[in-house]
Amino acid sequence: MNKTNIQKSKRAERKRRRQRIVRMQLLAIMATISFIVFLVYNKVHIKEQPKVKVEPTKEVQQSYPQEKTTKKKEEGNKKLAKSKEAKKIWKNNKKLLILVNKENICPEDGLSRRKICNGRIEAADILYSDLCQMLTDAGKEGYNYWIASGYRSAKKQQKLVDEDVRIGMNQGLSYEDALEKTYEETMPAGYSEHQTGLALDILASSNLNMDISQENTAENKWMKEHCYEYGFILRYPKDKENITKISYEPWHFRYVGKEAAEYIRKNNLTLEEFYLKL
Ligand SMILES: [Zn+2]
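From a predicted model like this one, the values you see are computed outputs, not experimental measurements.

Calculation criteria
Residues numbered from 1 in each chain as written. Predicted model: local features only at pLDDT ≥ 70, side-chain atom pairs only at ≥ 80, totals over all residues. Pairing = 2+ DSSP bridges. Helix = DSSP H or I, 4+ residues; strand = E, 2+ residues; numbered from the N terminus. Axes fitted to C-alpha atoms, helices over the stretch in contact; angles between N-to-C directions. Contact = placed C-beta atoms within 7 Å. Core = buried A, V, L, I, M, F, W, Y, C linked by C-beta atoms within 7 Å. Buried ≥ 20, exposed ≤ 12 C-beta atoms within 10 Å, placed from the backbone. Parallel < 35°, antiparallel > 145°, perpendicular 65-115°, else oblique. Left-handed = near helix turned anticlockwise from the far one by under 90°. Arc of directions from axis to C-beta. Expected span 1.5 Å × (residues − 1). Nonpolar A, V, L, I, M, F, W, Y, C, P; charged D, E, K, R; others polar.

**Q** How do you make sense of the sheet that holds strand 4 (residues 199-204) when you look at a structure like this?
**A** Pairing between the strands of a sheet comes from backbone hydrogen bonds, and it takes one of two forms, parallel or antiparallel. Strand order in the open sheet made by the four strands is 3-4-6-5, with antiparallel pairing throughout. Each edge of the sheet is formed by a strand with only one pairing partner; in this case those strands are strand 3 (145-149) and strand 5 (232-234). Strand-to-strand twist of the sheet, defined as the mean angle between neighbouring strand axes without regard to direction, takes the value 40°. Of the strand pairs in this sheet, strand 4 and strand 6 (residues 252-255) are connected by three bridges, and their pairing is antiparallel.

See below:
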């Protein structure tokens, strides 16, 4: 082989070697790409798998709110479980347990009434003897009271509303604002419990202010403690304002009869909550 042939052969050899290297590099790149694709696929796949499991189907999604509602209901029912005893008491005392509040209008056909407090006030006939007994027993303990209000007709209630609206407007409120402010404390005509004849505003004779100061009097403390024994309940307690939707009124007592009053007292209920147990 001459010199030129040897050089050609070496060049061809180098060329083949370069081609081999390029092929190997290509293979290595392809292998790397395949490996990356494999990893990415798996990663995505692994990520997606629980997603498929966790993401609720349309059907499951639809059932979520229902499940929550049921749970809430159950929690509510746990607190105020339906009671056969409450139902029995209600059946025996339907007339005395009339529920009148911002959502429930007073029925037109009211209970028969009589004059009390020397004819100054009217109240349902049915509460009379228990009221007399309660005031007599309190008197024996040295506590005396002034009944400020009993039965009130829808017409009288409307007059109270009009009067409060007038006061509000005199203070510079618009009619709408004055009416709104009035309804925070005074019930609209037809929605006052006083219209049943079963509600009484009972003040301590030592303090005739119909306001929160009543609760500090010994008379009010006795009345709140013992009214249940005579068939009365404190209708708007301090800690239940969110349920009754009425501000705490230490002077407003409601006759429901002894059986219901004792049950309501024992279970620490308002009249609204008693109805939830039926
Ligand atoms: Zn009242």
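Having seen it, we continue.
**Q** It is not clear to me how the environment of serine 205 should be interpreted in this structure. Could you clarify?
**A** Topologically, serine 205 is positioned in the loop between strand 4 and helix 7 (218-226). Spatially, the C-alpha atom of serine 205 lies 9.8 Å from that of asparagine 220, the residues being 15 residues apart in sequence. Beyond its immediate stretch of four places on either side in the chain, serine 205 contacts Asn144, Tyr145, Trp146 and Glu219.

**Q** Whenever I open this one, the nonpolar core confuses me. Can you help?
**A** For soluble globular proteins, the rule of thumb is that nonpolar side chains tend to be buried together. In this structure, Cys227, Ile233, Val256, Ala260 and Ile264 are the most contacted members of the largest nonpolar core, which totals 38 residues. Among the secondary structure elements, those contributing two or more residues to this core are helix 3 (84-92), strand 2 (121-124), helix 4 (128-140), strand 4, strand 5, strand 6, helix 9 (258-266) and helix 10 (271-276). Ranked by residue count, the leading element in this core is strand 4, at five residues. Excluding residues within four positions of it along the chain, cysteine 227 makes contact with Met134, Phe232, Ile233, Leu234 and Phe253.

**Q** Got a minute to help me understand the packing of helix 5 (residues 154-170) against helix 6 (residues 175-185) in this structure?
**A** Describing two packed helices takes the angle between their axes plus the distance from one axis to the other. Helix 6 packs onto helix 5 with a crossing angle of 125° between their chain directions and a minimal axis gap of 8 Å. In terms of orientation, helix 5 and helix 6 fall into the oblique class. In this structure, helix 5 meets helix 6 at a crossing whose hand is right-handed. Judged by residue contacts, Val161, Asp164, Val165, Gly168 and Met169 of helix 5 engage Tyr175, Asp177, Ala178, Leu179, Lys181 and Thr182 from helix 6.

**Q** Mind showing me how you'd approach helix 9 here?
**A** Helical periodicity: at 3.6 residues per turn, an α-helix aligns residues three or four positions apart in one direction. Those residues of helix 9 that fall on the buried side of the exposure criterion are Ala260, Ala261, Tyr263 and Ile264. Taken down its axis, helix 9 places every buried residue within 165° of arc, on the same side. On its buried face, helix 9 is in contact with helix 3, strand 5 and helix 10. Phi for asparagine 268, located one or two positions after helix 9, is positive at around 50°.

**Q** Quick question: what am I supposed to make of unusual backbone geometry here?
**A** Trans peptide bonds make up most of the peptide bonds, and negative phi angles are found at most residues other than glycine. The phi dihedral of cysteine 117 is positive, around 50°, even though this residue is not glycine. Following the sequence through the fold, cysteine 117 ends up in the loop between strand 1 (113-116) and strand 2. Since 14 C-beta atoms lie within 10 Å of it, cysteine 117 is described here as partly exposed. We note that lysine 245 has phi near 65°; this positive angle belongs to a residue other than glycine. Among the structural elements, lysine 245 can be located in the loop between helix 8 (241-244) and strand 6.

**Q** Please clarify how helix 4 should be interpreted in this entry.
**A** Look at helix 4: 18 Å from first C-alpha to last across 13 residues, which is about the 18 Å you get at 1.5 Å a residue. At the C-terminal side of helix 4, glycine 142 shows a positive phi close to 95°.

**Q** Just checking my understanding: could you explain the packing of helix 3 against helix 9 for this structure?
**A** Their axes nearest at 9 Å, the elements helix 3 and helix 9 cross at an angle of 150°. With respect to their mutual orientation, helix 3 and helix 9 come out roughly antiparallel. Remark: the crossing between helix 3 and helix 9 carries left-handed chirality. Counted together, Glu85, Ala86, Ile89 and Asn92 of helix 3 and Glu259, Ala260 and Tyr263 of helix 9 form the full contact between these two elements. Taken together, the residues that form the contact of helix 3 with helix 9 break down as four nonpolar, one polar and two charged.

**Q** Help me understand the environment of arginine 235 in this model?
**A** Here arginine 235 is to be found in the loop between strand 5 and helix 8. Taking the C-alpha atoms as reference, arginine 235 lies 9.4 Å from isoleucine 246; in sequence the two are 11 residues apart. Leave out the neighbours within four places in its chain, and arginine 235 touches Glu193, Ala199, His252, Phe253, Arg254 and Leu271.

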